[in-house]
Amino acid sequence: MPSDLNTLEEAFRRDPSSDEAYSALKEAYLAQERHEDLARALERRAERLDQVTSAVNLFWEAAQAHREAGDTGAEVRVLFKALEVDRSHQQAGDRLEALLEAAERWADLVHLLEQRAEQLSVAGPEGADPGKLAALEHRAGQIWEDYLGRADEALACYRRAFEADSGNLAALAAGRRIYASLGLWDGAASLLAVEIDATRDAADQASLMCQLGELQWRRQGRVAEAARTVSRALELAPTSAAIEETLGELLSSADYPGSDGLARASAIFLGLANRGQEEGDSEASVAYLKRALGTDPTSEQAY
């Protein structure tokens, strides 16, 4: 067999493009489980082919042969070659993503993700899968943010993720978190407003609106506007004790410019106290009564 194999190898070396020489050598390598030799032969043949589909498939086979041989480094190298030939090869892209993530090669991984996103986006609105494109951009943003320390690149990725799929609210929340961590409250408020508009569930919308009101109050000093925002949130979720409490705190703060703030806050806390009593939560009821009296000591209802 060795002499026969030597003959097959010599024939393939002379002409890697020969189908006959290639098929015979591949069969021999497979029979002897010589995975590394097979991988090298596949790579050499792929490099000689002009036809893209055939070349990328051979590189993919070579990567699998390296995997069988337990050579992850060679597998990664050949997968990169496969994607240089054809970025759209799904299996090669998926496998390379997994290997780069396992190896924590974050810079290479984010570059790959952005290449795959670009490949999808050039397909145009008819060919692109918005959900998949958004997921790629979102994952790239997470890597820029969590591992590479580039908030600017992360924000750009999150923006593209939402542009690709307006249902990807997680991208908006991630961008908002970055703005908040940098103390860029105008940017955080702007993204919150977009997130509110894109949210369809009334309870979720109310919660986000309350967050926006708190941001306007505590971070931007726009107290009157904040009161209006939280009031709108309460209209969407009239039974939310958390939103009522936020509005009460805002109206009773020294920052609130209206003359009716204390009376309104006291009425809110009194309403919460009554609700606590109705629900059998005497501890909460007493606590809210104290807040009602502390806010407006002249309130006869609180007494």
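Above: the structure in question.
Residues numbered from 1 in each chain as written. Predicted model: local features only at pLDDT ≥ 70, side-chain atom pairs only at ≥ 80, totals over all residues. Heavy atoms only, no water.

Caption draft 1: Seen up close, helix H10 (residues 151-164). Between its first and last C-alpha atoms H10 spans 20 Å; for 14 residues at 1.5 Å apiece the expected length is 20 Å, and the two agree. When we look at burial in H10, the residues that qualify are Ala 154, Leu 155, Ala 156, Cys 157, Tyr 158, Ala 161 and Phe 162. At its buried positions, H10 is contacted by helix H7 (106-121), helix H9 (130-146), helix H11 (169-181) and helix H12 (185-198). (Helix = DSSP H or I, 4+ residues; strand = E, 2+ residues; numbered from the N terminus. Expected span 1.5 Å × (residues − 1). Buried < 20%, exposed > 50% of the residue type's maximum accessible area, 1.4 Å probe, protein only. Contact = heavy atoms within 4.5 Å.)

Caption draft 2: Examining the pattern of salt bridges more closely. In this structure the tally under the stated criterion is 28 salt bridges. Note that Arg 160 and Glu 137 form a salt bridge whose closest N and O atoms lie 3.0 Å from each other. You can see Arg 160 sitting in helix H10 and its partner Glu 137 sitting in helix H9, a full 23 residues away along the chain. For Arg 275, the salt bridge goes to Glu 244, with nearest N and O atoms at 2.4 Å. In this pair, Arg 275 is assigned in helix H16 (residues 261-278) and Glu 244 in helix H15 (residues 241-251), connecting sequence segments 31 residues apart. Counted as one network, the salt bridges with shared partners bring together Glu 214, Arg 218, Glu 245, Glu 249 and Arg 291. (Salt bridge = Lys/Arg side-chain N within 4 Å of Asp/Glu carboxyl O.)

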